[in-house]
Amino acid sequence: MAAESLQAKQLENAQAFFSCLNAYNFHGMADLLTADFTHEYFPSSLNPPEGKFKRNKDETVQLFKNAWENVIDGMQFLPPLDIIQGHNAVVFHVKSDGMSKSGKRYNNEYMITLRFSGVGIVHMKEFVDTKYVADFFGA
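As the structure is a prediction and not an experimental result, all values here were calculated from the model. (Residues numbered from 1 in each chain as written. Predicted model: local features only at pLDDT ≥ 70, side-chain atom pairs only at ≥ 80, totals over all residues. Heavy atoms only, no water.)

A. Spotlight on the side chain of lysine 57. Tracing the backbone shows lysine 57 in helix H3 (residues 57-71). Not counting chain neighbours up to four residues away, the residues in contact with lysine 57 comprise Ala30, Leu33, Thr34, Ala35 and Phe37. (Helix = DSSP H or I, 4+ residues; strand = E, 2+ residues; numbered from the N terminus. Contact = heavy atoms within 4.5 Å.)

B. Local environment of the environment of histidine 87. Secondary-structure assignment places histidine 87 in the loop between strand S4 (82-86) and strand S5 (89-100). Distance in space between the C-alpha atoms of histidine 87 and glycine 28 is 24 Å, their sequence separation being 59 residues. Discounting chain neighbours no more than four positions away, the residues touching histidine 87 are Gln7 and Arg115. A distance of 3.0 Å separates the side chain of histidine 87 from the side chain of asparagine 88, its partner in a polar contact. (Polar contact = N/O pair within 3.5 Å; in protein donor to acceptor, adjacent residues only side chain to side chain.)

C. Region of the structure containing the pattern of salt bridges. Taken as a whole and assessed by the stated rule, the structure comprises four salt bridges. Note that lysine 9 and glutamate 12 form a salt bridge whose closest N and O atoms lie 3.1 Å from each other. With lysine 9 and glutamate 12 both in helix H1 (residues 3-22), this residue pair falls three residues apart, about one helical turn. Between aspartate 97 and arginine 105 there is a salt bridge, and its shortest N-O distance comes to 2.4 Å. Judged by relative accessible area, aspartate 97 falls into the partly exposed class, the value being 31%. Of the residues examined, arginine 105 reaches a relative accessible area of 42% and is grouped as partly exposed. (Salt bridge = Lys/Arg side-chain N within 4 Å of Asp/Glu carboxyl O. Buried < 20%, exposed > 50% of the residue type's maximum accessible area, 1.4 Å probe, protein only.)

D. A look at the nonpolar core. The biggest cluster of nonpolar side chains holds 33 residues, and the ones touching the most others in it are Phe17 and Leu114. For this core, the leading source of residues is H1, giving five residues. The contact partners of leucine 114, leaving out residues within four places of it in the chain, are Ala14, Phe17, Phe18, Asn88, Ala89, Val90, Phe92, Ile121, His123 and Met124. (Core = buried A, V, L, I, M, F, W, Y, C linked by side-chain atoms within 4.5 Å.)

E. Spatial organisation of H1. In a regular helix each residue adds 1.5 Å, so 20 residues correspond to 28 Å; H1 covers 29 Å between its end C-alpha atoms and thus fits that length. All buried positions along H1 are accounted for by Gln10, Asn13, Ala14, Phe17, Phe18, Cys20, Leu21 and Asn22. Of the residues trailing H1, tyrosine 24 is marked for its positive phi of about 55°. (Expected span 1.5 Å × (residues − 1).)

Shown next, in the form of structure tokens:
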């Protein structure tokens, strides 16, 4: 595959990742991830969900599924504020708009890097708004 078409497909799949999350389509999201996919949660000053900073593909899909079904009562990733694409990577600056099951607004801000092997997403590095997350979860 030519470099230009590979980068175009990677960007398409990166955007599809967020579309799947917005549609609560966890099977579709999983299909975009490689078998050896990993997810890392940052910054390290926060207590990550279930105390795990790094997850594999199945753990990541389950994490999102659990959050969307049990913690969040409707959430959407808003159109990205910025997208930067490099060699086998796409970086998003994005915000969310949602409501928690407890009735609190959930409007976080993220820097998310998706790394690729071919057209499959092999790694996700997720930085969240430290103060917002600490305040929201009462840390």
